[in-house]
Structure formats: C-alpha cells, structure tokens
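Chain residues, written in single-letter form:
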Amino acid sequence: MAFNKKPGTASGGKTRSSGSQMSLKKIKGENFYRNAKQVKRLKMLSGGKAVRDKDGKIIEAAAFQKGEDETTPGRVQPDRRWFGNTRVISQTALDHFRTSLQTRQNDPYSVLLRRNKLPMQLLDDAANPNLRKRSHIVETESFSETFGPKAQRKRPRIEVGTFEELSKVGAAAADVAHEAAVAAEIAEEAGEPSALAAAQTHADYIEPIFAKGTSRRIYGELYKVIDSSDVILHILDARDPLGTMCESVLEYVKKEKAHKQVVLVINKCDLVPNWVTARYIQHLTPRYPTIAFHASPNHSFGKGSLIQLLRQFSQLHSDKKQISVGFIGYPNVGKSSVINTLKSGKVCRVAPVPGETKVWQYITLTRRIYLIDCPGIVPTSAHDSQNATVLKGVLRVEALPTPSDHIPALMERVKPLYLSRTYGVPLPDEEDTARGWSADEFLDKLARMKGRLLKGGEPDLEGVSKVVLSDWVRGRIPYFVPPPERSEELNVREAKAAKKGKGKEKAVEEKKVAGVKQNLGSIMQKNTFVGEDVQPLDEPEVGDGSGEEDEGEADDGSDEGDAEELAEEELAWGDVFAEGGDAAAPDATANVQADDEEADGPSAKKEPRMKTNKKKAENFYSSANVKNKNRAKAALLKSLQGKKGQKDPERRKRR
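Keep in mind that what you see is a predicted model, and the values were worked out from it rather than measured.

A. Spotlight on the overall build of the protein chain. A tally of regular secondary structure across the protein chain gives 23 helices and 12 strands. For the protein chain, the residues scored as buried account for 33% of the 655 residues in total. Across the protein chain, every contact between residues at least 6 apart in sequence was considered, and the portion connecting residues at least 24 apart equals 68%. Counting only carbon and sulfur atoms, one obtains 52% of the accessible surface of the protein chain, whose full area is about 44,300 Å².

See the structure below:
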C-alpha cells in the first residue's frame, strides 16, 4: 500500500490535516477490501453451486443436490409448543361456554370486549358443519341420468322423486289457487278490494321522487357510517317510533356487526303526550337501551343522560384512544339536530325539510368521543305505500306532483277537532267532535279562508294541500300513533316477579331490564291534546331522576372542557340504567317525604339549583325579555306541567 501526496500542494502553504493530504491509490493486488454488502452478493452468486475438478466432474455436490447417504437425517424434537394453537376441552366445559356466552351475546345491555379473542364461531349453529342438513341429491337426480351418455343436462330440479309425488304436489297447488279465486270473488261481491286487484303490475307508473333515500349512494354513506362507528344511535320519531325504525338495518347490525352497540333515541318528545313516550320506552327497552330526547337549543331534554351514556361507552372501550358514535335513521327525524344539541352550537346544517344532510361528516364532541352524521335512509324492506312515505316526512312537500292525493290519508289519522283548532275551520257538527269533513270540502274551506284562489275564484287545492302537509311534517298538527297495549298476562307476571324479588332479594338475583333515569314529566309540550289522548304518567321506573339533575347534566355536557374533565371520572352502568329494583327506592322515599311536607303545610320556595361549577353573574338582562326570549312565559308553562302522576286542578279551571 503506497501513500502519495496530492499533486499541487505547496510546502509553505496553509497547514491541512493529514487525512486531506494523504490518499489511497489503487495498485494491482492491493486495496481490494470488500464491504459486507459486496461479500453478501458474492456469496449469493457463488453459493449453491457444485465444486468441480478440471475435467468438470463434481467433486462436492451442492447443498440441495446431496443424496440421502451424504446428508444427516433431520429430526423434529417432540414438544407441546408445536401444538399451542389448538386446545382440547371437555364437552361439559364447551356446553357451559355456549350457554353462558349465548345469553350475553344476545343481551343488548351486555358488552363483550375483545370478541376477536373469543371462539364466537362455536355459538353459530349455521357455521357448524355437523349441524347442517345434508341434501340427498341422489334421491332427486339419479347418477345415470346426471352423468354418462344418457345424461339429461337440462333436467329441471324438483323436490319429488316419483311421478306419484309430483301429481300430489300439483293437485295441492291447484286446490290452493281455486280457494284464492273463490275468496277474491267473495271479496268483490262484498265491495272489499281483493289482493289480486290490489297487486300492482308493470303498467303502474311510480314517480321517481318516491324512491328518495333508497339510492345506492345513500346506502354507501350508511355502510361507511356503520363500519366506522363503535356505537350506533338509531334516532326515532316520537309520533311513530315503530314506523320510523329501520328493522332491516338493525338485523344487519345484529348479524354482521354484532360487536357494535345499538341505542334507540326517541326524538321530538315535545310533540306527543308524556305517557306515550313512557309507554314506547317501556315497549322498546327490552330490545335495546332506549332514551327520550328533545333536540332544542334552549329547552332540550335528555342531553345529560345521553352524554353520560356515551362516556360510559368510551370507558368500556378503554383500549381505544377514542370512540365513534354514528347517527342513523329515517330522513327528517332530527339526527343533525341531536348533534347540534349535544354540541350546544350549529355544527351541522339543519332544516325542517328532509334531505338536508347529503354526505356523512365527523364532529368532535370530546377528546374521546366523535360523532358521525349520516344522511337519512328509507329501507325498502318496509314496503311503505306512497301515502305512508309522504306522511313519514321522507319527501319534500314542494316536489310532490299531486299533494292533494295524500290529504284523505292524513285526515283519517288526525282527529277533526285538532284540524279545526289548528286552522280555525268550524266543525260540521259542534256536538259531535268525531264527525269531520271530506277531504275536498276541508281543502275548499281552508283555501277560501286563507285566500288561496285561482282565476275565476276557484280554490287552489294543490297549494293548500302543500300548506297542510308542510304543517304536518313540522309537527304543528297534533298527532301520534297509539303505543301497543300491554297484555294483562305480562302485567301479572311482572307483578309476581317483583313481589318474589322483594322476598328473596339476597338469595336469588333477579334479572330485570334496566330503565332510563329520566323525568318525562318535565318535558315542555308543544301541542295540546284533549279527551282520551290525555292520560296520567304512571310509569315510575322510567322517571327515576329529576328534571333539575337532567338539566344540570345537560349544562355540564355543553361545555367541552368540563366534559373532557368529567370523562376521566369512573362511571358505572347503573349511573344511567338502573339495575334491579334498588333504583326506584330513593324516588319512592322522596315522594313520601314530599307528601309529608305537603301535609304539614306550604314549604318555603327552594333556591334554584346551581347548574355549573361557577356562579353566574346576575344583572337586569337576566330576567328581562331580551331577543324575544320570554322567560316569564317559559317559567309559567313549566309550572303548569304539574307534578308527576298528578293532575293540576288550577289548569283545568283555566280551561
């Protein structure tokens, strides 16, 4: 190795380092040191080859060309670790696993964490090949007629094996068709529409507007929301909760996305009486957790309970940094309004008409809770008629081709007294309030009263029909679907179970569906109902909490900073859903104390409960009527609500 100086360096010049003055010069036979990368490449090129002599004969075979006599036999050491992926358990343990986990899997109030680490396939009987029915294909299609030179390739597949069985099946089908024809003739003679006449044919034309909410784009948005969500909130309309429930979507979530939790939220509770909301909650609670809600920027209801429930879900999914909550439901049920109420601000575009939300969007509620808004969907499996589609508020009234065709169906649902009170049209018979007008007569009177006339003084029936349908969609016409009646057997069974649970409270653990802590009596009603539509609110298990607590929770949840701080606290499932019969005990004690205080005498007026941790400053504008907010009127309406389960005599006198 020879060291040479670089040319052009002067001795009297500036002093430089030795490394810069000296350099390596490549000389033949020297300086051919290879780095690791070059060595690896050379081994790859030269390795795996046989060693040959000068004549080309193999002296040493390659590693993969050696015979059995040249190599040492391989041996696998026996060890249990090779079989660590499988586990053998007894049949008793397997049956215990199936019975215990099957109930938890189908219980909407139980949350199974880390489902991917549990053998959930053992619970699915359809996926078990040992339980499948084997089709006896040889009985229906013989081997000689299916394969070989005599094969009948276009032979129809039938469920019978002989001609005698085929004749029997044909005779039975003919009898069924004959009975259906006879029934249709009897129905025509009686004047009832038959099923054959009511069936639509290809000649019936359906307007394209009635397919709103069923497009592929809308369902693509729905599936994106379902896939991205950990918790799914299904928003229902309080006027028709069962009609606005997407059964097909719930079945899909239960079958394909069983690890996602579903919560039902009954919105627009201010449009129906309190007892209707309580009855629907009692009816839907065994299926899914159900919460009553009223979306409003000023007088909301159920906000605190819903935020607290979402915090519990975020703590259940503690392995994730945040959880996503998806909002699904029919158009115009108030999904975006619920999000705006939870955020205490306008973060989603809202309108009193359906179809305002076009695509899904993410909204941040807290650091650990994200909300996903979804466009409204209309499941095709509901098989709604055109009138039902319009009256559910799915379509925009302005785009309907003939709005007057849907007015008769609307008048069948609404009592004539409510229509007369809403529009000021006098009833045909003041004594008989159940007797109403025909659809054309009502529209004619309403058009002349509002001055909606065409040329020649003809009433504008289509224009007035749009006004009535618009008021229907916005909730200005009092209406609700009566809740399903509870059978006497179910009431007796629940009473016996409650009595038995009190006696054996410590010995036997009674399974009872949890109820939501909400005081439904504090909801400010927008519509006024009369007659049989007014019933006392006698559901104590629904209203365990107080209205002040609910409002306090709502105010706490409105501040994002407070919500993030409270999210760190430990919350239990029983904070929102009462378990067993213990939750009703404090409420009963409070009622007894309240009755004792009323018996003693009028008590002093309690000071309003502080709703935030900081005391608010008071000035003239705290009680004055500013920006059309009549606080005195709101306080008066709230006082007229009366106590829960009691009738206000002063309110009846004012009427």
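B. Summary view of the packing of aromatic side chains. Summed over the entire model, instances satisfying the criterion amount to 10 aromatic pairs. Measuring from centroid to centroid gives 5.1 Å for Trp437 and Phe442, while their planes differ by 35°, and the two rings are tilted. The pair Trp437 / Phe442 is uniform in exposure class, with both members buried. By way of ring pairs, the aromatic residues Trp275, Tyr418, Phe480 and Phe529 are connected into one cluster.

C. Geometry of the pairing of strand β6 (residues 261-267). Where burial is concerned, most of β6 is hidden: 7 out of the 7 residues are buried. By the alternation rule, side chains of β6 split into Gln261, Val263, Val265 and Asn267 and Val262, Leu264 and Ile266, which are all buried. As judged from the 7 bridges shared by strand β5 (residues 231-237) and β6, these two strands associate in the parallel manner. In the strand pairing of β6, Ile232 is matched with Val262. The β-α-β motif built from β5, the intervening helix α9 (residues 247-256) and the parallel element β6 has right-handed crossover chirality.

D. Representation of empty space enclosed by the protein within the structure. Tallying each qualifying case throughout the model produces 2 cavities of 30 Å³ or more. Taken as a whole, the largest cavity holds about 130 Å³ of empty space. Here the residues of the lining of the largest cavity are counted per class, giving 4 nonpolar, 2 polar and 5 charged. Considering only enclosed or pocket space, the second largest cavity measures out at about 50 Å³ in volume. For the second largest cavity, the full set of lining residues is Pro352, Val353, Pro354, Arg396, Val397, Glu398, Ser470, Val473 and Arg474. A class-by-class count of the residues in the lining of the second largest cavity yields 5 nonpolar, 1 polar and 3 charged.

E. Representation of the pattern of salt bridges within the structure. All chains considered together, the criterion is met by 14 salt bridges. Put simply, Lys257 and Asp227 hold a salt bridge, and the shortest N to O gap is 3.1 Å. Taken together, the positions of Lys257 in the loop between α9 and β6 and Asp227 in helix α8 (residues 216-228) put the pair 30 residues apart, joining distant regions of the chain. A relative accessible area of 19% means that Lys257 is categorised as buried. Exposure remark for Asp227: the relative accessible area of 44% places this residue in the partly exposed category.

F. Geometry of unusual backbone geometry. One non-glycine residue, Lys268, adopts positive backbone phi at about 65°. With respect to the element layout, Lys268 can be found in the loop between β6 and α10 (274-284). Its relative accessible area of 16% is what places Lys268 among the buried residues.

G. Just the environment of Ile339, in detail. Relative to the elements of secondary structure, Ile339 occurs in helix α12 (residues 335-343). The class for Ile339 is buried, based on a relative accessible area of 0%. With sequence-adjacent residues up to four places away left out, Ile339 is seen in contact with Phe327, Val347, Cys348, Ile363, Leu371 and Asp373.

H. View of a nonpolar patch on the surface. On the surface, a cluster of nonpolar side chains totalling about 290 Å² of accessible area is made up of Leu42, Met44 and Leu45. Residue placement: Leu42 occurs in helix α2 (residues 36-46). With relative accessibility at 38%, the residue Leu42 sits in the partly exposed group.

I. Structural view of the packing of helix α16 (residues 439-450) against helix α17 (residues 461-473). Where α16 meets α17, the axes come as close as 9 Å, and the angle between the chain directions of the two elements is 90°. In terms of orientation, α16 lies roughly perpendicular with respect to α17. Between α16, through Phe442, Leu443, Asp444, Leu446, Ala447 and Lys450, and α17, the contact on the second element is made entirely by Leu461, Val464, Ser465, Val467 and Val468. Classifying every residue of the contact of α16 with α17 by side-chain character gives 8 nonpolar, 1 polar and 2 charged.

J. Expanded view of the sheet that holds β6. Spatially, β7-β6-β5-β8-β10-β9 is the arrangement adopted by the 6 strands of the open sheet, whose pairing is mixed. The sheet terminates laterally at β7 (290-292) and β9 (361-364), the two strands that pair on one side only. Within the sheet, the average angular offset between the axes of one strand and its neighbour, ignoring direction, is 25°. Bridge count between β9 and strand β10 (residues 369-373): 4 bridges; the pairing is antiparallel.

K. Fine view of α16. For α16, with 12 residues, the first-to-last C-alpha span of 16 Å sits near the 16 Å given by 1.5 Å per residue. Residue Gly451 follows α16 closely and has a positive phi angle near 75°.

L. Layout of the side chain of Asn332. Positionally, Asn332 belongs in the loop between β8 (323-328) and α12. Its relative accessible area of 16% is what places Asn332 among the buried residues. Leaving out residues up to four positions away in the same chain, Asn332 has contacts with Lys268, Ala351, Pro352, Val353, Pro354, Gly393 and Val473.

M. Molecular detail of the nonpolar core. Ranked by size, the top nonpolar core spans 93 residues in total, and within it Leu233, Val325, Phe327, Leu342, Leu371, Phe442 and Val468 carry the most contacts. Here this core takes 6 residues from α10, the largest share from any one element. Ranked by size, the runner-up nonpolar core spans 5 residues in total, among them Phe97, Leu101, Leu112 and Met120.

N. Molecular detail of the packing of α8 against α9. Direction vectors running N to C along α8 and α9 enclose 40°, while the axes themselves pass 12 Å from each other. In terms of axis orientation, α8 runs oblique to α9. For the element pair α8 and α9, the recorded crossing hand is right-handed. Across from Leu222, Tyr223 and Ile226 in α8, the residues of α9 making contact are Val249, Tyr252 and Val253. Broken down by class, the residue content of the contact of α8 with α9 amounts to 6 nonpolar, no polar and no charged.

O. Broad picture of the environment of Lys638. Summarising the element assignment, Lys638 is placed in helix α22 (residues 631-639). Each C-alpha atom of the pair Lys638 and Ser522 lies 7.4 Å from the other, and the pair is 116 residues apart in sequence.

P. The arrangement of the pairing of β10 in detail. Taken across its 5 residues, β10 has 4 buried, putting it largely inside the fold. Note that β8 and β10 share 5 bridges and pair parallel. Opposite Ile323, over in β10, you have Ile369 as the bridge partner.

Conventions used here
Residues numbered from 1 in each chain as written. Predicted model: local features only at pLDDT ≥ 70, side-chain atom pairs only at ≥ 80, totals over all residues. Heavy atoms only, no water. Helix = DSSP H or I, 4+ residues; strand = E, 2+ residues; numbered from the N terminus. Buried < 20%, exposed > 50% of the residue type's maximum accessible area, 1.4 Å probe, protein only. Contact = heavy atoms within 4.5 Å. Areas by Shrake-Rupley, 256 points an atom, 1.4 Å probe, with all protein chains shown as cover. Phe/Tyr/Trp six-rings, centres within 6.5 Å; stacked < 30°, edge-to-face > 60°. Pairing = 2+ DSSP bridges. Right-handed = clockwise from strand over helix to strand, strands pointing away. 1 Å grid on protein atoms, 1.4 Å probe; cavity = no way out; pocket = protein on both sides within 12 Å on 5 of 7 lines; lining within 4 Å. Points joined across faces, edges and corners; volume = space filled by probe spheres on them. Nonpolar A, V, L, I, M, F, W, Y, C, P; charged D, E, K, R; others polar. Salt bridge = Lys/Arg side-chain N within 4 Å of Asp/Glu carboxyl O. Patch = residues over 30% accessible without salt bridge, like charges linked within 9 Å, V, L, I, M, F, W, Y side chains within 5 Å. Axes fitted to C-alpha atoms, helices over the stretch in contact; angles between N-to-C directions. Parallel < 35°, antiparallel > 145°, perpendicular 65-115°, else oblique. Expected span 1.5 Å × (residues − 1). Core = buried A, V, L, I, M, F, W, Y, C linked by side-chain atoms within 4.5 Å. Left-handed = near helix turned anticlockwise from the far one by under 90°.

So, to be careful, I would describe these as geometric facts and stop short of saying anything about function.
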